Amino acid sequence: EKDKELIRGSWESLGKNKVPHGVIMFSRLFELDPALPSLFHYNTNCGSTQDCLSSPEFLEHVTKVMLVIDAAVSHLDDLHTLEDFLLNLGRKHQAVGVSTQSFAAVGESLLYMLQCSLGQGYTAPLRQAWLNMYSIVVAAMSRGWAK
Ligand code: HEM
């Protein structure tokens, strides 16, 4: 219950500004794994990672990711209702060439974004609460690879 309060409390302000926070997250992700930008097929003729990060299709994906996080935060009490959606989402990512190993870097980038945005509010219990929720989401998405 404490976890849920921490997550909801921190998402309240972040969730109102999805795109800029998502851009911080993906900038970090592309630093951690420079091979990932090329998986966005519409990025193939980007001159630099910076160009990619500002392309409209890419910003749409950022919005999609933030909306999935938003849905998870809204369904903290019944995350299992997202199971089928997340399994299918995993399947789509397998199809575009994402590997499940990349989710570790995505998780790190999510924490990085939270740390940047929350400053003093980024505490060990808060970090753990987010990690717990993220691992449930990733586990559900990863099931999309098995089948
Ligand atoms: C779709 C790449 C992580 C949510 C896509 C697409 C690509 C992609 C190439 C299809 C084109 C598009 O819709 O823009 C990646 C890569 C990731 C990543 C490289 C990091 C390794 C995530 C995460 C989430 C997410 C963590 C949410 C938790 C979505 C959604 C769609 C999508 C909702 C649309 C699926 C649909 O069309 O039904 N992703 N993605 N992605 N991604 Fe990701």
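Throughout what follows, the structure given in this document is the object of discussion. These figures come from a predicted structure and were not determined experimentally.

Surveying the vicinity of the ligand reveals 16 residues, the closest of which are Y42, H61, K64, K92 and H93. Residue K64 places a side-chain N or O atom 2.5 Å away from an oxygen atom belonging to the ligand. In this structure, H93 approaches the ligand through a side-chain N or O atom, which is 2.8 Å from a nitrogen atom. Contributions of two or more residues to the shell around the ligand are made by α4 (56-74), α5 (83-95) and α6 (102-118). Residue contributions to the shell around the ligand peak at four residues, all from α4.

The next subject is the pattern of salt bridges. By the definition in use, this model includes five salt bridges. When salt bridges that share partners are traced, they join E1, K4, R8 and D77 into one network.

This brings us to the nonpolar core. Core analysis: the biggest nonpolar cluster contains 43 residues, and F26, I69, L114, W130 and M133 have the highest contact counts within it. Sorting elements by how many residues they give to this core places helix α7 (residues 124-146) first, with ten residues.

Attention now moves to the environment of V137. By the element assignment, V137 lies in helix α7. Residue classification places V137 among the buried positions, given a relative accessible area of 11%. For the pair V137 and H80, spaced 57 residues apart in the sequence, the C-alpha separation amounts to 9.5 Å. In this view, V137 contacts A72 and L86; residues no more than four positions away in its chain are not counted.

Before going further, it helps to examine the packing of α5 against α7. It is at 6 Å that the axes of α5 and α7 come closest, and there the two elements cross at 55°. Classed by the angle they form, the pair α5 and α7 counts as oblique. For the element pair α5 and α7, the recorded crossing hand is right-handed. Of the residues in α7, those touching α5 at E83, L86, L87, L89, G90, R91, H93 and Q94 are V137, A140, M141, R143, G144 and W145.

Counted at 1.5 Å a residue, the expected span for α6 with its 17 residues is 24 Å, and the 24 Å between its end C-alpha atoms agrees. Within α6, the full set of buried residues consists of S102, F103, A105, V106, G107, S109, L110, L111, M113, L114 and L118. At the exit of α6 stands G119, carrying a positive phi of roughly 55°.

What follows covers the environment of K18. Take K18: it is sitting in helix α2 (residues 18-32). Counting along the chain gives 51 residues from K18 to I69, while the straight-line C-alpha distance between them is 9.9 Å.

Turning our attention to the packing of aromatic side chains. Any pair of aromatic rings gets described here by the distance separating the centres and the angle formed by the planes. For the coordinates displayed, the defined rule picks out eight aromatic pairs. Grouped by ring-pair contacts, the aromatic residues F26, F30, F40 and F58 constitute a single cluster. One Lys or Arg, R28, reaches over the ring of Y112 and ends 5.0 Å from the middle of that ring.

Cut-off values and rules
- Residues numbered from 1 in each chain as written.
- Predicted model: local features only at pLDDT ≥ 70, side-chain atom pairs only at ≥ 80, totals over all residues.
- Heavy atoms only, no water.
- Near = heavy atom within 4 Å.
- Polar contact = N/O pair within 3.5 Å; in protein donor to acceptor, adjacent residues only side chain to side chain.
- Helix = DSSP H or I, 4+ residues; strand = E, 2+ residues; numbered from the N terminus.
- Salt bridge = Lys/Arg side-chain N within 4 Å of Asp/Glu carboxyl O.
- Core = buried A, V, L, I, M, F, W, Y, C linked by side-chain atoms within 4.5 Å.
- Buried < 20%, exposed > 50% of the residue type's maximum accessible area, 1.4 Å probe, protein only.
- Contact = heavy atoms within 4.5 Å.
- Axes fitted to C-alpha atoms, helices over the stretch in contact; angles between N-to-C directions.
- Parallel < 35°, antiparallel > 145°, perpendicular 65-115°, else oblique.
- Left-handed = near helix turned anticlockwise from the far one by under 90°.
- Expected span 1.5 Å × (residues − 1).
- Phe/Tyr/Trp six-rings, centres within 6.5 Å; stacked < 30°, edge-to-face > 60°.
- Lys NZ or Arg CZ within 6 Å of the ring centre and 35° of its normal.

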